[in-house]
Amino acid sequence: MKRLVLLGGGHAHLFVLEAFAREQPDAVVSLITPDALTPYSGMMPGVIAGHYDYRQACIDLAPLAARAGCALRLDAAVSLDAGQRQIRLASGELIDYDMLSIDTGSTPRIPDLPGADSRAHPVKPIGQLLERWHTARAARAAAVVGAGAAGVEIIMALHHRQPLMRCTLIDRAPHILDGLPAGLQRRVMAELARQQIDVVTEASVSGVEADAVRLADGRSIPSHFTVWATGAAAPRWLRDCGLALDPGGFIATGPTLQSLSHPEVFAAGDVATMIDSPRPKSGVFAVRAGPPLAANLLRAARGDTLQPWTPQTRALLLLACGRRHAIASRGGWSLQGDWVWRWKDRIDRAFMRRFSG
Ligand SMILES: Cc1cc2nc3c(=O)[nH]c(=O)nc-3n(C[C@H](O)[C@H](O)[C@H](O)COP(=O)(O)OP(=O)(O)OC[C@H]3O[C@@H](n4cnc5c(N)ncnc54)[C@H](O)[C@@H]3O)c2cc1C
């Protein structure tokens, strides 16, 4: 029997485990991931804001793996030799595979600036960020560097949890939510102003100190809790793996979600880039890739022809605003309200129920 290794308990692999519980693949399957509890990103700002507890926003992979007939190994890949079809784990063990599916997500992009590595808190792993936040709850000022969707949600969540704390959102771009529709940017700016959250744009950070974020123009932004949320970088352990990578170091895949260089390797979610139809690194697209990935892994294990998949071009963005209020955006339109938060809450809870069995 073929050995199929699922590497990483990310969003796409949840669907693979669900599909394998319905239909066993012609393979011996194992899942390698460092933690049996995998956080569901959509609910994490709600955890910071105090609407959910951490456990409520995590999926337990152990029962999912058991139902799928898949051995669960709690460990992490530290390198991969695609030529030898071998993974090295943090424990030192070497794992051989015939087929490999990678869904290990991205890592935060921490720049080489004084204090950034030691004093800024990267947005991932989310569990670690939450632990650090619990120890810093008395902070009088907080800042989030990076005004993308995650950064915007986190600063509003921090503000909701500590309304007296001075909160600042910092980005080097001229606008927050760079690349997203102007109408959405304006709406979110109005919400940040309503919450009296300071926004500093066109600002280049030159260093992070225990009580401030220093900007290149000499300004100093008070912050005792600085979160770094400036976008997704490729995991370092992929660098010399031998797989075809895109210019950012992410695994280059084709429409069947196979590696462009090694067809026995599949990849989905933030760790991969579909070269013909690249999409933003977001949970929505990792989730969308799950069912076609599962179907192609089953086909590949049987030796059947694989089916191409094209991800949709537009996705619904639901931004939590700290309090039980949210903003929805799709294409050029956006709207907001308490009812949008309840809508988002229903979607998120349905997702959790689906994978909590
Ligand atoms: C605070 C925050 C809020 C967000 N909100 C949203 C949102 O509302 N909507 C949205 O679409 N996106 C959101 N995102 C982005 C979203 O989190 C990611 O795009 C999404 O999680 C990517 O899914 P994934 O399956 O690629 O990987 P992940 O969900 O990151 O899962 C990766 C898995 O692989 C495991 N792993 C990591 N390294 C290794 C290794 N070396 N070996 C083995 N296993 C490994 C991890 O433990 C984890 O289980 C948010 C991100 C953050 C930080």
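**Q** Got a minute to help me understand the sheet that holds strand S25 (residues 333–337) in this structure?
**A** Strand-to-strand pairing in sheets goes through backbone hydrogen bonds, with the strands running parallel or antiparallel. Spatially, S23-S24-S25 is the arrangement adopted by the 3 strands of the open sheet, whose pairing is antiparallel. The sheet terminates laterally at strand S23 (317–320) and S25, the two strands that pair on one side only. On average, each strand axis in the sheet is tilted by 15° relative to the strand beside it, whichever way the strands run. Bridging between strand S24 (residues 326–330) and S25 involves 5 bridges; their strand directions are antiparallel. When the sheet's bridge partners are listed, Ala326 is paired in S25 with Gly337. Sheet strands in contact with helix H7 (residues 182–194) are S23, S24 and S25, and its direction is about 25° off that of S25.

**Q** Even after reading the chapter, I still don't get the pairing of S24, so can you show me in this structure?
**A** In regular strands, side chains alternate between the two faces of the sheet. The element S24 is largely enclosed, with a buried count of 4 among its 5 residues. The pairing of S23 with S24 spans 4 bridges and is classified as antiparallel. Each residue of the ladder has a partner; that of Leu317, found in S24, is Ser329. Counting the residues that bridge the hairpin from S23 to S24 gives 5 residues, and of these Gly322 lies at a positive phi of roughly 85°.

Definitions and cut-offs
Residues numbered from 1 in each chain as written. Predicted model: local features only at pLDDT ≥ 70, side-chain atom pairs only at ≥ 80, totals over all residues. Heavy atoms only, no water. Pairing = 2+ DSSP bridges. Helix = DSSP H or I, 4+ residues; strand = E, 2+ residues; numbered from the N terminus. Axes fitted to C-alpha atoms, helices over the stretch in contact; angles between N-to-C directions. Contact = heavy atoms within 4.5 Å. Buried < 20%, exposed > 50% of the residue type's maximum accessible area, 1.4 Å probe, protein only.

Nothing here speaks to function; it is geometry throughout.
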